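Spelled out, the chains give:
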Amino acid sequence: MSDWRSEVEAGLITALPMLIGFIPLGLILGAQASHAGISPLTTVMMTGLNFAGGSEFAVVALWDAFPPFLVIAITTALINSRHIIMGATLAPYLKGQSHLRVAFIYFLMCDETWALNLQEISRRQAEGKPPFRPLFYFSVALALYMTWQLSSFTGALLTHLLGDLSVWGFNLACPATFIALSIAMFPKQRTLYRVLPVVTAALVAALVSVTLSEAAAVGLGSLSGLLVAFFTYGKFSAEEKKTAA
């Protein structure tokens, strides 16, 4: 098997568990969007241009808000603010890629694509191989992207036949996916300065979601974890050197 085929196959196999979770979640999004008065065409444009499920569900919930544009814009910006951190984490591995390719990489980047590729990068670094594989990345990203578009569009078209899918518990697919990704990416060497940013982000997000809003919880949780990592980086580096010695 040629190298490009093996990379594409590896990407599709890696993405398969996420694809299974995307389908019911996309159907629910499309059905809820239709119930909110959003046309199937608008739903496709929303999911196609803003590939971020959390903010899309927020848009549907806020569709009747007043003034809708301002509320939706602020909420979407808060929820999607985590992509700034995710993009910065991926950036060092994209050196040598063309500007057009980098733009396409970031356009297709969602939480699952980012997490699966960071795991692959970590594995390849441990094996002493070039960390970033463009074909692997695009195989994962395009498989997830197309599945999300098709499932949400199907949900919007068949909303009257599908009914309320949330009563079957399919809406738990999203938090279950994030929990699985978080566990998979949790530091294996659980020293204080590795764990502290993660724990801080989780606690701040939980507190903000209870006291303010879920949208703010995403942005403020990510920001708090980033700040803790920034201010403890010196101690983290010293701890790493001590462990290596």
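In what follows, the structure referred to is the one given above.
Anyway, here's the lowdown on the structure attached to this text. Fair warning: this is a prediction, and the values are worked out from it, not measured in the lab.

1. Notes on the overall build of the chain
Move 1: Within the chain, the regular secondary structure consists of 13 helices and zero strands.
Move 2: The linear arrangement of helices and strands in the chain, starting from the amino end, is α-α-α-α-α-α-α-α-α-α-α-α-α.
Move 3: Considering only intrachain contacts with a sequence separation of at least 6, the fraction spanning at least 24 residues in the chain is 77%.
Move 4: Surface exposure of the chain reaches about 13900 Å², of which carbon and sulfur atoms provide 71%.

2. Some points on a nonpolar patch on the surface
Move 1: A cluster of nonpolar residues, Leu 212, Leu 220, Leu 223, Leu 226, Leu 227, Phe 230 and Phe 231, forms a patch on the protein surface that exposes about 750 Å² of accessible area.
Move 2: Position of Leu 227 relative to the elements: it lies in helix α12 (residues 214-231).

3. A word on the packing of aromatic side chains
The geometry of two aromatic rings is summed up by the distance between their centres and the angle between their planes.
Move 1: Inspection of the entire model under this criterion finds six aromatic pairs.
Move 2: Here the aromatic rings of Phe 51 and Tyr 145 are separated by 5.1 Å at their centres, their planes lie at 80°, and the arrangement is edge-to-face. Here Tyr 145 lies in helix α8 (residues 134-157) and Phe 51 lies in the loop between α2 (40-49) and α3 (53-61), a separation of 94 residues in the sequence.
Move 3: For the ring pair Phe 104 and Phe 138, a centre distance of 5.4 Å and an interplane angle of 25° mean the geometry is stacked. Of this pair, Phe 104 sits in helix α6 (residues 99-107) while Phe 138 sits in helix α8; the two residues are 34 residues apart in sequence, bridging distant segments of the chain.

4. Considering helix α1 (residues 3-35)
Move 1: Counted at 1.5 Å a residue, the expected span for α1 with its 33 residues is 48 Å, and the 46 Å between its end C-alpha atoms agrees.
Move 2: One or two steps after α1, the chain reaches Gly 37, where phi turns positive at roughly 95°.

5. Some points on the side chain of Thr 113
Move 1: Of note, Thr 113 is situated in helix α7 (residues 111-126).
Move 2: Among the residues examined, Thr 113 registers a relative accessible area of 0% and is labelled buried.
Move 3: Ignoring any residue separated from it by four or fewer positions in sequence, one finds Thr 113 in contact with Leu 108, Tyr 137, Val 140, Ala 141 and Leu 144.

6. Looking at the packing of helix α5 (residues 82-90) against α7
Move 1: Between α5 and α7, whose axes approach to 11 Å, the crossing angle comes to 25°. Accordingly, the angle class assigned to the pair α5 and α7 is roughly parallel. α5 and α7 meet at a crossing whose hand is left-handed. Residues Arg 82, His 83, Met 86, Thr 89 and Leu 90 of α5 lie in contact with α7, whose contacting residues are Asp 111, Trp 114, Leu 118 and Ile 121.
Move 2: In terms of residue class, the contact of α5 with α7 is made up of five nonpolar, two polar and two charged.

7. What to know about the side chain of Gln 97
Move 1: Of note, Gln 97 is situated in the loop between α5 and α6.
Move 2: Among the polar contacts listed, one links the side chain of Gln 97 to the side chain of Arg 101, at a separation of 2.8 Å.
Move 3: Leaving out residues up to four positions away in the same chain, Gln 97 has contacts with Val 102, Phe 132 and Pro 134.

What counts and what doesn't
- Residues numbered from 1 in each chain as written.
- Predicted model: local features only at pLDDT ≥ 70, side-chain atom pairs only at ≥ 80, totals over all residues.
- Heavy atoms only, no water.
- Helix = DSSP H or I, 4+ residues; strand = E, 2+ residues; numbered from the N terminus.
- Contact = heavy atoms within 4.5 Å.
- Areas by Shrake-Rupley, 256 points an atom, 1.4 Å probe, with all protein chains shown as cover.
- Patch = residues over 30% accessible without salt bridge, like charges linked within 9 Å, V, L, I, M, F, W, Y side chains within 5 Å.
- Salt bridge = Lys/Arg side-chain N within 4 Å of Asp/Glu carboxyl O.
- Phe/Tyr/Trp six-rings, centres within 6.5 Å; stacked < 30°, edge-to-face > 60°.
- Expected span 1.5 Å × (residues − 1).
- Buried < 20%, exposed > 50% of the residue type's maximum accessible area, 1.4 Å probe, protein only.
- Axes fitted to C-alpha atoms, helices over the stretch in contact; angles between N-to-C directions.
- Parallel < 35°, antiparallel > 145°, perpendicular 65-115°, else oblique.
- Left-handed = near helix turned anticlockwise from the far one by under 90°.
- Nonpolar A, V, L, I, M, F, W, Y, C, P; charged D, E, K, R; others polar.
- Polar contact = N/O pair within 3.5 Å; in protein donor to acceptor, adjacent residues only side chain to side chain.

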